[in-house]
Amino acid sequence: MEYIVELKNVSSSYLGEAYPAIRDITLMVKKGDFISIIGPNGAGKTTLLETIIGLIPIVRGKIRIFDKELQKDGILIRRKIGYVPQTFSIDEHSPFIVKDVVLMGRFGKIGMLNSPSKRDLELVNEFLQLLDIYHLKDRPIGKLSGGQQQRVLIARALAKEPELMLLDEPFSAIDPLFRKEFIKKFVEIHKKFDLTTIMVTHDLGSIPEICSKIYVMRGGRIVEELKVEEVENFRERKGVLNDLPRT
Ligand SMILES: Nc1ncnc2c1ncn2[C@@H]1O[C@H](COP(=O)(O)OP(=O)(O)O)[C@@H](O)[C@H]1O
Ligand SMILES: [Mg+2]
């Protein structure tokens, strides 16, 4: 299997919408790749990730993931994808405790009616430590800051032991001062767990050097492809991308 993710001329539309939100997207991702997708608000970045996990109906083209057809084997495929969504609203009164939220990432492996094994619990601790939130493990998630909640959701996605990670603006709630450090952490995670990663961002400053490819989206299409060393130049040309408000 050469490619983990294959999109060929894919257009997808939100239900009830006359026009596709993403158009004619061709994207080929190899095992171990770290791909960044950049673009201004409304470009279709989030829609692209949601299309890859089968949440948005495909109106044209084909998607294969792990060498399987998304429309046929969606359930199998989703089991091996860790998805960290861009927007999450966690109720301030949510009764869920951080360590249990991370454990939820293992439910697919544990099964509905079984108890978590020693290894499941060890893994949860490992991911809590990795994301520097071990000290928060007994706190209700609703009482944490946005940045801390984001870390919990990343730990939950990792607890799934996914083969493919989809990250939608993973640094948005992280204090800009700590962003660089957090990016390093992602690269470390990507390497340590042999992941294939697709990361969406509108922040040109948060593209790691390890990136194999950077795609620029605009108006639902991929309009440009950049190498890491071209980002600086691109930033000067299109500095405005960086100043756009967050979605
Ligand atoms: N739930 C939805 N229903 C209909 N249209 C949507 C929905 N969510 C997003 N869109 C539209 O799809 C396009 C792409 O949005 P999105 O993928 O969120 O962009 P980005 O993540 O790059 O900011 C936009 O035109 C947006 O208005
Ligand atoms: Mg988005």
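Residues numbered from 1 in each chain as written. Chains lettered and ligands numbered in written order. Predicted model: local features only at pLDDT ≥ 70, side-chain atom pairs only at ≥ 80, totals over all residues. Heavy atoms only, no water.

Trainee: What is the right way to read the side chain of Q149 from this model?
Mentor: Its location among the elements puts Q149 in helix α6 (residues 146–159). For Q149, the side chain forms a polar contact with the main-chain oxygen of L144, separated by 3.5 Å. (Helix = DSSP H or I, 4+ residues; strand = E, 2+ residues; numbered from the N terminus. Polar contact = N/O pair within 3.5 Å; in protein donor to acceptor, adjacent residues only side chain to side chain.)

Trainee: Is there a simple way to explain the site of ligand 1 in this structure?
Mentor: Inspection of the region around ligand 1 gives twelve residues, with G42, G44, K45, T46 and T47 positioned closest. Contact distances for ligand 1 include 3.3 Å between a nitrogen atom and a side-chain N or O atom of Y14. G42 has a polar backbone atom sitting 2.8 Å from an oxygen atom of ligand 1. Protein chains shield 61% of the accessible area of ligand 1, which is 560 Å² for the free molecule. Residues of the shell around ligand 1, tallied by class, amount to four nonpolar, six polar and two charged. (Near = heavy atom within 4 Å. Areas by Shrake-Rupley, 256 points an atom, 1.4 Å probe, with all protein chains shown as cover. Nonpolar A, V, L, I, M, F, W, Y, C, P; charged D, E, K, R; others polar.)

Trainee: In this structure, what is going on with the nonpolar core? I would like to understand it.
Mentor: For soluble globular proteins, the rule of thumb is that nonpolar side chains tend to be buried together. Grouped together as the largest cluster of nonpolar side chains are 43 residues, with contacts concentrated most on I38, L131, V152 and L158. Those elements that place two or more of their residues in this core are β3 (34–38), α3 (98–104), α5 (118–130), α6, β7 (164–168), α7 (176–192), β9 (213–218) and α8 (231–237). Ranked by residue count, the leading element in this core is α6, at seven residues. The residues that make up this core include at least three from each of domain 1 (1–80 + 162–247) and domain 2 (87–160). Residue contacts for V152: discarding those within four places in its chain leaves V98, V101, V102, I133, I141 and L144. Ranked by size, the runner-up nonpolar core spans 28 residues in total, among them I37, L48, L164 and I198. (Core = buried A, V, L, I, M, F, W, Y, C linked by side-chain atoms within 4.5 Å. Buried < 20%, exposed > 50% of the residue type's maximum accessible area, 1.4 Å probe, protein only. Domains from an automatic or database assignment. Contact = heavy atoms within 4.5 Å.)

Read these as geometric descriptors, not functional statements.
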